[in-house]
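Close look at the chain arrangement
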Amino acid sequence: MTKKPVIDIKNICHYYGKGSLKRQILFDINLEIYAGEIVIMTGPSGSGKTTLLSLIGGLRSVQEGSLKFLGEELSGASQSKLVEIRRNIGYIFQAHNLLGFLNARQNVQMAVELNKEISKQHAINKSEAMLQAVGLEDRINYFPDNLSGGQKQRIAIARALVNHPPLVLADEPTAALDKQSGRDVVEIMQTLAKEQGTSILLVTHDNRILDIADRILEMEDGHLARNSQSTVKIIHN
Ligand code: ADP
Ligand code: MG
């Protein structure tokens, strides 16, 4: 295969604490994610999923091993390089992290305006189009407090995808949602990601959404294993 991965992780180890309190959290992680792939990571609480996501997202410095985003090494990268890399990643968290004093459109627009070359009108148009894509065209001027959990999470998706990033990282995005809203939210992510060719790495405990994945990984005590479900081949005679 000659295609370059969006994410290329080799032998990542990670530790928290110092001296006698130092504890290893991630053990020799190896992972490649290709353009347009939807990868779901499951695993018990405390197994290291969020730690790995924050390393990939450039939110935490790499201690050991190599982590490349679109061929760029994050290990040893400067703060300004990390800031630049973060601009190319969409983040969706369990708590939607919207700003309460901005309406739906303004929350999305904020992400567009990180790019100083885009005019205000263009930013508004892009934000409204994205809110339409997640089915919130009639909620554009609503403030987060007046929207349901599912609607807020859809704004977060619009914000994460509005700049067409090559990668979206989602940490338990359906955890605070009821069954149907959770399902709706991941299906919107799936559709948009496929349209845009975006790769998604999604951490979840939610067994009901595993079917949207191209590949399922399992984290256990800091070790990453391919989930047997995704490698089992059913042979029809
Ligand atoms: P998960 O997302 O799978 O629940 P985390 O990556 O959040 O796992 O945590 C993995 C382990 O690292 C847990 O034992 C947790 O308590 C510990 N941990 C997480 N963040 C920190 C931190 N900032 N400092 C020290 N220990 C941490
Ligand atoms: Mg976590």
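Everything below is about the structure shown above.
In this text the structure is predicted, and so the values were computed from the model without any measurement. (Residues numbered from 1 in each chain as written. Chains lettered and ligands numbered in written order. Predicted model: local features only at pLDDT ≥ 70, side-chain atom pairs only at ≥ 80, totals over all residues. Heavy atoms only, no water.)

1. With respect to the nonpolar core
Counted only if it meets this: Think of a nonpolar core as a cluster: buried Ala, Val, Leu, Ile, Met, Phe, Trp, Tyr and Cys residues, connected wherever their side-chain atoms sit within 4.5 Å. The classification of residues rests on relative accessible area computed with a 1.4 Å probe and restricted to protein chains. Under 20% of the type maximum is buried, over 50% is exposed, and intermediate values are partly exposed. Secondary structure elements follow DSSP: runs of H or I of four or more residues count as helices, runs of E of two or more count as strands, with numbering from the N terminus. Here, two residues are considered to be in contact whenever any of their heavy atoms come within 4.5 Å of each other.
Of all hydrophobic cores here, the largest spans 39 residues; its most connected members are Leu131, Val134, Ile155, Ile157 and Leu202. Mapped onto this core, the elements with two or more residues apiece are strand 3 (38-42), helix 3 (104-112), helix 4 (120-133), helix 5 (149-161), strand 7 (167-171), helix 6 (179-196) and strand 8 (199-203). Discounting chain neighbours no more than four positions away, the residues touching isoleucine 157 are Ile92, Val134, Val185, Ile188, Met189 and Leu192. Counting residues in hydrophobic clusters, the runner-up holds 29 residues, among them Leu31, Val39, Leu53 and Met219.

2. Concerning the pairing of strand 8
Formally: Whether two strands pair depends on DSSP finding at least two bridges between them. Crossover handedness is defined here as right-handed if the route from the first strand over the helix to the second strand goes clockwise, with the strands pointing away from the viewer.
The element strand 8 is largely enclosed, with a buried count of five among its five residues. Side chains of strand 8 alternate between two faces, with Ser199, Leu201 and Val203 and Ile200 and Leu202 buried alike. Of the strand pairs in this sheet, strand 3 and strand 8 are connected by four bridges, and their pairing is parallel. Counted as the bridge partner of methionine 41 is valine 203 from strand 8. The handedness of the strand 7 to strand 8 crossover, carried by helix 6, is right-handed.

3. What about the sheet that holds strand 4 (residues 64-69)?
So the rule is basically this: The angle between two axes is taken between their N-to-C directions and runs from 0 to 180 degrees, where each axis is a line fitted to C-alpha atoms and a helix contributes only its stretch in contact.
A sheet is described by the order of its strands in space; here four strands give the open sequence 2-1-4-5, paired in antiparallel fashion. With one partner strand each, in any of the chains shown, strand 2 (23-33) and strand 5 (72-73) form the two edges of the open sheet. Of the pairings in the sheet, the one linking strand 1 (residues 7-16) to strand 2 comprises seven bridges and is antiparallel in character. Counted as the bridge partner of tyrosine 16 is arginine 23 from strand 2. In the packing of helix 1 (residues 49-56) onto the sheet, the strands contacted are strand 1, strand 2 and strand 4, and the crossing angle to strand 1 comes to about 125°.

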